[in-house]
Amino acid sequence: MENVSNITTSPDDGAGEKLMDEKNGHNSKGIEVKYMTPTSQNGDANINIDNLKSAFAGMGKEELMKFASDPFWVRTRWFLFILFWLLWIAMLAGAIAIIVLAPKCAPPTPREWWEQSPLYKANPSTFAKEPTKTQGDLKSFTSKLEYLSSLGVKTIVISNILKVSDESSDGNDEFKNVAPSYGTLADLKSLITAAKDKGLKLLLTLVPNHSSLNNPFFNKSASRDTQYSSFYVWAPAKGQDNDQKPIPPNNWLSKSGGSAWEWNEKRGEFYLHQFDKNEPDFNFHNPDVIKFFNEVMQFWLDFGFSGFVFDRTPYLIEDKDLRNDTQKRDFGTATHMDYEFYDHINTENVPELAPLLRTWTAFVSNHSGILVVDGVTTASNQSVAHLVVKPQVLEKYPTFSADDLVNIITTARQNNPWPAWQIQVKDEPEGSALSQGMLLTSMLLPGIPITVAGQELGISDLSDIPWDNTTESGAGGKDVMSQQKSDHSFYSAYKELVKARESPSILYGSLDLHVFNSSSVLSYTRLKSGNPGYLVVFNTGAEETVVDARQLPSVPDELTLLLTSDASPMAEKTKVQSEEVSLPGRAVAVFSFVPKAKD
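Residues numbered from 1 in each chain as written. Predicted model: local features only at pLDDT ≥ 70, side-chain atom pairs only at ≥ 80, totals over all residues. Heavy atoms only, no water.

K.L.:
Summarise the side chain of Thr155; cite the residues concerned and give the values.
P.N.:
When you line up the elements, Thr155 lands in strand S4 (residues 155-158). In this structure, Thr155 is in contact with Trp113, Trp114, Ser117, Pro118, Leu119, Tyr120, Lys201 and Leu203, ignoring residues within four places of it in sequence. (Helix = DSSP H or I, 4+ residues; strand = E, 2+ residues; numbered from the N terminus. Contact = heavy atoms within 4.5 Å.)

K.L.:
Let's hear about the packing of helix H14 (residues 433-442) against helix H16 (residues 490-500): which residues, and what values?
P.N.:
Between H14 and H16, whose axes approach to 10 Å, the crossing angle comes to 20°. Our classification of the angle between H14 and H16 gives roughly parallel. The element H14 and its partner H16 pack so that their crossing is left-handed. Every residue of H16 that contacts H14 at Gln436, Leu439 and Leu440 is listed here: Phe490, Ala493, Tyr494 and Leu497. Split into classes, the residues belonging to the contact of H14 with H16 amount to 6 nonpolar, 1 polar and no charged. (Axes fitted to C-alpha atoms, helices over the stretch in contact; angles between N-to-C directions. Parallel < 35°, antiparallel > 145°, perpendicular 65-115°, else oblique. Left-handed = near helix turned anticlockwise from the far one by under 90°. Nonpolar A, V, L, I, M, F, W, Y, C, P; charged D, E, K, R; others polar.)

K.L.:
If you had to explain the packing of helix H11 (residues 287-303) against helix H12 (residues 353-365) to someone new, which residues and values would you point to?
P.N.:
Here H11 crosses H12 at 30°, and the two axes come no closer than 11 Å. As judged from the angle between their axes, H11 and H12 are roughly parallel. Along this stretch, H11 crosses H12, giving a crossing that reads as right-handed. On the side of H11, the interface is formed by Ile290, Phe293, Asn294, Met297, Gln298 and Leu301, while H12 contributes Leu356, Trp360, Phe363 and Val364. Considered class by class, the residues forming the contact of H11 with H12 number 8 nonpolar, 2 polar and no charged.

K.L.:
Tell me about the layout of surface pockets, and please be specific about residues and values.
P.N.:
Looking at the second largest pocket, its volume works out to about 580 Å³. As for the second largest pocket, its lining consists of 22 residues, and the residues nearest its centre are Val376, Val388, Ala412, Asn415 and Asn416. Mapped by element, the contributors of at least two residues to the lining of the second largest pocket are strand S13 (387-389) and helix H13 (402-415). Sorting elements by how many residues they give to the lining of the second largest pocket places H13 first, with 4 residues. (1 Å grid on protein atoms, 1.4 Å probe; cavity = no way out; pocket = protein on both sides within 12 Å on 5 of 7 lines; lining within 4 Å. Points joined across faces, edges and corners; volume = space filled by probe spheres on them.)

K.L.:
Summarise the sheet that holds strand S22 (residues 558-564); cite the residues concerned and give the values.
P.N.:
Whether parallel or antiparallel, the strands of a sheet pair through hydrogen bonds between backbone atoms. The 6 strands are arranged S18-S19-S20-S25-S22-S23 in an open sheet whose pairing can be described as antiparallel. Bordering the open sheet on either side are strand S18 (510-516) and strand S23 (575-577), each of which pairs with just one other strand. Put simply, the sheet's adjacent strands are angled 30° from each other on average, direction ignored. This element, H14, spans strand S19 (521-527), strand S20 (533-539) and strand S25 (588-593) of the sheet and lies at about 160° to S20. Strands in contact with H16 are S20, S22 and S25; relative to S22, the strand with the most contacts, it is inclined by about 125°. (Pairing = 2+ DSSP bridges.)

K.L.:
Got a sec to walk through the pattern of salt bridges? Specific residues and values, please.
P.N.:
Under the definition given, this model contains 12 salt bridges. For Arg323, the salt bridge is made with Asp319, and the minimal N-O distance between the two is 2.8 Å. (Salt bridge = Lys/Arg side-chain N within 4 Å of Asp/Glu carboxyl O.)

Listed below in structure tokens is the structure:
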């Protein structure tokens, strides 16, 4: 029989008092204990916790709403809500700040318009000559603008077209007018307008070094007119020789031969001419002369030209004290009457030249134009103009090697990472295979290739442009019409390379030069991350050769042929294995490729 009793405590033990309520058989927590054996203190027990469960039953809706409406909990919820969004916004702002402020590679500076394409030099008299005329003029030149536009070139240099009395001379009678043989100022205006409509920029060739003897300034200067007396370089005789003829003031020689001084009876002094005696030199130590040429440039910039090409620039300024030139240490077989006998430190590239050119460059830049100068060298590498054009000359083959070509390229880029390229081989005809190879090789180098009109056709003994095959220079398919119809003509190769220059790999990419086969083959790659690469291979030797282009970094096993400079069997292939690139003598091949991933 089940024995149910309350637990009581002995006088000596307070545990029962703590555990049970003696009055009702429950402990203080509402737990009922029932013993299952006769021995009330030692038998099995059954513990009833129903009361405890009921004590922990969930709150009702009304109680929950009471707590939810409590101001403390309302404030707590709003605090946590606001804190969450503040932390979220802070993390978002931090992520944006990391993206914006974290160091990253700056994008390359966009190339200027004059840096993007070759500089194409053209003389209207030969470039646009029509069969019925003795020479081309501005109107006929305008009619050929479509051809220049189709080539892809963007900058056209017009030869000296200013007024002259002797068309064999570049000494101008006037600096703000056009020679009548070329047309009128209205014809020139029409040419500039038409060129701009086709996206072409025109640069005007100026020769500020001298004028003609018929220039009004010279006549006034010879007459000692107060305003123009020192417009030219004048000097008294140093004495008289045995024939009672006046002796020049120093030993300066003319580039045309003989003394650089010519006696003028009217003034009773010598005038300086570093070139022909009919081309007296201006005195650029006179501020009024500089001011005059500022006005000349302003006139033509307002007229619509996009800048100037200065010819014979190194000779603009001479030593003010007219000191003698000193002889070279190694003058070879030259004599004291030969120009090559002297170091012309007092008549070429004198220290005063660079500051003057920089001033003019800034002047033209302020009118959104550019200034290109020829042959200038300075003591520092600081730029004196937007572009300095100075031909890179190699000795005639086989004296030079591909290593010499590498040296020329490397040296040119030391002074200017984006130089002008006019690579020539001494005494080599312009239209020879070697000269053609040099032109195509220079087209994808970092810099600006200089193209003289006709070179894009591979013409030798350059004269008139053969627009069709009726002319002697156009015989054998050399004329424009025939070459435009052929995918393998030199014209097509040139045009393809002008187009390739639009690639970021050419405008901004790296240059890696390499020489193969005992220094007979020059090759280089142009690479810009994320863009196709370009490989140029030039066999400067006379014999056919094979190279393994995989030796160049990033070159894959397969190349895509873009063009070759001759009609070799490779020209018919689209894909070429880079381990075996075969080239005839004097030939150039250009490939594109997907750069190989770095190991």
